[in-house]
Amino acid sequence: MAEVKLAAEVRSDFGKGAARRARRANKVPGVIYGHGAEPQHVAVDSHALMMALKTPNVLLNLDVEGKSALVIPKAVQREAIRGFLVHVDFLAVKKGEKVTVEVPIQTEGDLAAGGNLLEHVLNALPIEAEATHIPESVTVSIAGLDAGSSILAKDITLPSGASLAVEDDAVVLQVVAAQAEAPAEEAAEGEGEASAEA
């Protein structure tokens, strides 16, 4: 995974007012944590960060006033209605260091015919990988799976150097049969019987 370089500036004023001023100046307030160091408060260009975050678990190289900080986004807060960035927590990492992240799950292929539905028990797969080699996603084939089939974490092929950060037998995806209209009719008959008894 390529690094994305972004400029960041150190923030010296804190609180809601300072955060609002930063956002008005098209900056996103954030904090860099990790490696036992004191948290470092920074502000990053809003548009550049938003574009970088389109890649899941992106590796960022923040230029914090001349000093380089290798980080991954750990917690991203967005405004509920418009979705703009409000605050970001960054985790400081080192090359070669392993980190635990959640990787999006992509599916390929078609389920067996017959109105089957795919249920994502996990929307993302927790894995441990080198900070500089975090995969953007993992791909799982669902071709020909029928109702009752499931895919466990151990069934998913991980990229080299990555390992599961969840139980091997954790269900990731399962195939369920589509519900027919019959249950609604049975409920209506049940109501008729109840009123007849009354």
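This text gives an overview of the structure that appears in the document. Just so you know, these numbers come straight off a predicted model, no measurement behind them.

A closer look at the pattern of salt bridges
A side chain with one charge can pair with a side chain of the opposite charge if their charged atoms come near.
Here is step 1: Applying the stated criterion across every chain, the model contains one salt bridge.
Here is step 2: Taking the shortest distance from any N to any O, the salt bridge between Lys 27 and Glu 9 comes out at 3.6 Å. Here the residue Lys 27 occupies a position in strand S2 (residues 27–33), and Glu 9 occupies one in strand S1 (residues 3–10), the gap between them amounting to 18 residues.
Here is step 3: Residue classification places Lys 27 among the partly exposed residues on the basis of a relative accessible area of 24%.
Here is step 4: Classification of Glu 9 by relative accessible area gives partly exposed; the value is 34%.

Let's talk about the pairing of strand S13 (residues 171–177)
Here is step 1: By the bridge criterion, five bridges tie strand S8 (residues 116–120) to S13 in an arrangement that is antiparallel. Bridged to Leu 118 within S13 is Val 175.
Here is step 2: Relative to S13, strand S11 (residues 150–152) is paired through three bridges, and the arrangement is antiparallel. Opposite Leu 152, over in S13, you have Val 171 as the bridge partner.

Some remarks on the pairing of strand S3 (residues 40–45)
Here is step 1: Examined bridge by bridge, S1 and S3 share three bridges and lie antiparallel to one another. Bridge pairing in S3 links Glu 9 to Ala 43.
Here is step 2: Relative to S3, S2 runs antiparallel, the two being bridged by six bridges. Pairing of Pro 29 across the sheet is with Ala 43, part of S3.
Here is step 3: Taking the residues that link successive antiparallel strands as the turn, the S2-S3 hairpin has six residues, and the phi of Gly 34 there is positive, at about 125°.

What about the environment of Glu 102?
Here is step 1: Looking at the secondary structure, you find Glu 102 in strand S7 (residues 98–108).
Here is step 2: Residue classification places Glu 102 among the exposed positions, given a relative accessible area of 52%.
Here is step 3: Contact partners of Glu 102, with chain neighbours within four places excluded, come to Asn 57, Ala 124, Leu 125 and Pro 126.

Analysis parameters
- Residues numbered from 1 in each chain as written.
- Predicted model: local features only at pLDDT ≥ 70, side-chain atom pairs only at ≥ 80, totals over all residues.
- Heavy atoms only, no water.
- Salt bridge = Lys/Arg side-chain N within 4 Å of Asp/Glu carboxyl O.
- Helix = DSSP H or I, 4+ residues; strand = E, 2+ residues; numbered from the N terminus.
- Buried < 20%, exposed > 50% of the residue type's maximum accessible area, 1.4 Å probe, protein only.
- Pairing = 2+ DSSP bridges.
- Contact = heavy atoms within 4.5 Å.

Coordinates in, geometry out; function isn't part of it.
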